[in-house]
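Structure assessment
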Amino acid sequence: MMLAKWRPKPSLPSPNVGPGLTGWFRKNLFSTPGNALLTLVCAAILLVTVPPLLRWGLLNATWLGDSRGVCDAASQGGSSGACWVFIKVRMGVFMYGFYPLAERWRVNFAVLVLASALLPIFAPNLLHKTRRQILLSIAATLTVFCLFGWVPAVFIAFYLFAPFALERLFQGKPFLELFGSQALAVAIGIALAVVGGGLVYYAVLLGVDAKAAGAIGLIALVLMLFLLFVSRLTTTGWRWVLLFTVYPLFAFFMLVGDVFGLPLVETHFWGGLFLTLAVAVTGMATALPIGIVLALGRRSTLPVIKTLSVTFIEFVRGVPLVSVLFMASVMFPLFLPENVTFDKLLRALVGIAFFYAAYMAEVIRGGLQAIPKGQFEAAMALGWPYWKMMGLIIIPQTVRLVIPGLANNFLSLLKDTTLVAVIGLLDLLGVAKASMADVEWLGFTKEAYIFAAIVFWIFCFAISRYSVFLEKNYHTSRQ
Amino acid sequence: MLPSVTPEKETREPVITISGLNKWFDTFHVLKDINLQVGRGEKLVICGPSGSGKSTLIRCINRLEVHQRGTIIVDGIELTNDVKRIDKIRRETGMLFQNFNLFPHMTVLENLTLSPIWIRKMPLKKARELAYHYLERVRIPDLANKYPGQCSGGQQQRIAIARCLCMSPKIMLFDEPTSALDPEMIKEVLDVMVDLAGSGMTMVCVTHEMGFARTVADRVVFMDAGEIVEENDPETFFNHPQFDRTALFLSQILNH
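So, here's what we can say about the structure.

Cut-offs used in this document
Numbers given for residues are sequential positions, taken from 1 along each chain in its written order. Chains carry letters from A onward and ligands carry numbers from 1 onward, assigned in written order. Local features in this predicted model are restricted to residues of pLDDT 70 or higher, and side-chain atom pairs are both shown and tallied only at a pLDDT of 80 or more, whereas totals for entire chains, interfaces and linings draw on every residue. Excluding hydrogens and water, the side-chain figures rest on all heavy atoms present in the structure. Numbering goes from the N terminus for both helices and strands, where a helix is a DSSP run of H or I of at least four residues and a strand is a run of E of at least two. A simple rule labels every residue: compare its accessible area, found with a 1.4 Å probe on the protein chains alone, to the largest value its type can have, and call it buried under 20%, exposed over 50%, or partly exposed in between. Every residue pair with non-hydrogen atoms within 4.5 Å of one another is taken to be in contact. Counted as positive: Lys and Arg. Counted as negative: Asp and Glu, with His and the chain ends omitted from the count. The atom standing in for a charge is NZ when the residue is Lys, CZ when it is Arg, CG when it is Asp and CD when it is Glu. Between N or O atoms, a polar contact is any pair within 3.5 Å; within protein, one atom must be a potential hydrogen donor and the other a potential acceptor, and residues adjacent in sequence are included only when both atoms are from side chains. In this text, buried Ala, Val, Leu, Ile, Met, Phe, Trp, Tyr and Cys residues form a nonpolar core when linked through side-chain atoms within 4.5 Å. With axes taken as lines fitted to C-alpha atoms, and helix axes fitted only over the stretch in contact, angles between N-to-C directions fall between 0 and 180 degrees. To sort the angles, those under 35 degrees are grouped as roughly parallel, those over 145 as roughly antiparallel, those from 65 to 115 as roughly perpendicular, and the leftovers as oblique. Side-chain classes are defined by residue name, with Ala, Val, Leu, Ile, Met, Phe, Trp, Tyr, Cys and Pro counting as nonpolar, Asp, Glu, Lys and Arg as charged, and the others, Gly among them, as polar.

1. Examining the overall build of chain A
In terms of regular secondary structure, chain A is built from 20 helices and zero strands. Along the first, second and third principal axes, the C-alpha atoms of chain A reach 100 × 80 × 50 Å. Out of the 479 residues in chain A, the part that is buried amounts to 39%. Of all intrachain contacts in chain A linking residues separated by at least 6 positions in sequence, the fraction that spans at least 24 positions is 69%. Side chains of chain A give 35 positive and 19 negative charges; the mean places of these two sets differ by 19 Å.

2. Side note on the side chain of T207 of chain B
Residues and elements named next belong to chain B. Positionally, T207 belongs in the loop between β8 (202-206) and α8 (210-216). What makes T207 buried here is its relative accessible area of 4%. A distance of 3.0 Å separates a polar atom in the side chain of T207 from the backbone nitrogen of E209. Beyond its immediate sequence surroundings of up to four residues, T207 is in contact with V45, I46, C47, T178 and F212.

3. Digging into the nonpolar core
Formed by 118 residues in total, the largest nonpolar core has its most connected members in Y159, Y247 and W270 of chain A together with I18 and L57 of chain B. For this core, the element with the most residues is helix α15 (residues 344-370) of chain A, which contributes 12 residues. One finds I186, M193, F237 and L250 of chain B within the second-largest nonpolar core, a separate group that totals 48 residues.

4. With respect to the packing of helix α17 (residues 386-401) of chain A against helix α18 (residues 403-416) of chain A
Helix-helix packing is described using two parameters, namely the angle between the two axes and the distance between the axes. Residue and element names in this part refer to chain A. Here α17 crosses α18 at 70°, and the two axes come no closer than 5 Å. One finds that α17 runs roughly perpendicular with respect to α18. Residues V399, R400 and L401 of α17 touch α18, and the partners they reach there are I403, P404 and L406. Of the residues assigned to the contact of α17 with α18, the class counts are five nonpolar, no polar and one charged.

Next up, the structure:
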């Protein structure tokens, strides 16, 4: 029998494509009389408010000069603009607080290392190729060499190139499986790391002072622990490991000092944007992992773990952050023996980390509930043990699901760092407030607040845009 | 034992032995006194109406469901609450699900290499070679860098088969692998399963695909209300069912 040939019809263009600019206006701004009215009212409000703001902030503002006299002269001349000279003169304090002038390069260096360590992780689309990552590392090393000299340059080079080397070196059999029992392997591993750290300590001790030896020995110990127990990671995996082991130690020794010939800078000299970012970054980096553990604990079938997690989360959610910070700074020392003291900043950091961990735990738990049961079953059927399954299969999916909620928490964490002012730490807003009390510069509150607001807005907006980018990135890949 | 068991099957060494298995969901008695043996290399098809407990039975074999009474021995290891034993058995058995359950946040290649790398401790390069080998075998080598969400249902199920095979299991469990698929895609999955059967894999399939049962199965088990009603070789099972319940089921499923 002869069959007729069937052809599908050609696709036609959609009639929904809009007719240009006027069409867009009609559709979006003037679709009904009510909407047209709203549009006009909004336009009127903008017309009334925006031009004066621009005149004050930009056109009539005083930008040049380095003393109050310039602004006074301008305002006597009839101009009613902002005095940005005030901000300019105090820029150093706004950025670094009372960190000694000669030591501020240490902050810059620590931030630069962090930025070049984070970029390959957080800009996967831009820097996914090894060649580009190497280029970035070389550029960062050269920058550091030009700005800070050869010792910092050697450090950053080691830090940035280590992941490439580690990925290639550690592909063999994991240390944990070399011996019959895992407990034995753990014991031997810890012993090896301690011995290794001690050896490094004494080796360095021959050349440099005891404190430097302690610092390097500690870094060596932590690194060795990870080298022994982690294996078969990708370059990015190693970047994460370094970020959570070497970087915190490095940042601590760099910023606090008292080793490698760096003068001690106690934390009560820290302030400004630097303190804000230090608190926010450590808060984010610690609160999320703790939150994940709490969320898993709350879903656990083991009653003790479940009760502990629920109690902690509900307790923390029931008290305001300010009271947690007060507790950390005033009450906590009362419970300690007299000669034991913890740094005030450290206590604030711990308080913020646990406070936000409770909130993030609930966000993560919401995401965990949205993961289909089949995902757990498929992983279990393939023989995945609980923690590996959670870490590599379930949590990555969960975090992707709850990006909007996590971004919310990160944003409010960043802004809540201003609350450390109540325990006497001067973050960006605290410094702004303190500078208003300067007798020489009375009467510039608006400038100080607006500057602080703009800086906060820039960081918050960046986080918010980044979360949108992540969502889109994962959405397209999952369809 | 039923008279129809052929001598060939008796010589097979049993790889799954289930005896006196009972399971309850709360108070509901879902599996009643199940006795079943599967020989090495045998292809067993379990069929029955929905709610008959066939999925629960197959999920007991790799401990996705916990049984209350009776013993299950898989490849010489008895299933208990001991996590090490459970993990060992799960590594020997692959399981296919109705909804594929691929990991949606990873590419197909990552789905395939993840378990060999992290569970079997295979070097990355070898795991990739293995993954490409099995993708070739399920006839979709060009999908390696796609995400599961970009693949059709039939392709996803074949990827899931490849994912199991990458762990080189001794036993494959199929829990209604074609039930969520369009008719046009069922065939491509069944072809791969037939191909797999030809390679001597031990297979336990819960399925409604009677054509597959007829051509591939060594033995067909019919379940209803949590019990095994009858088991037989496909020839006898389809042409001369022994119980009226089986005959009714067959008439409903074959003549709709």
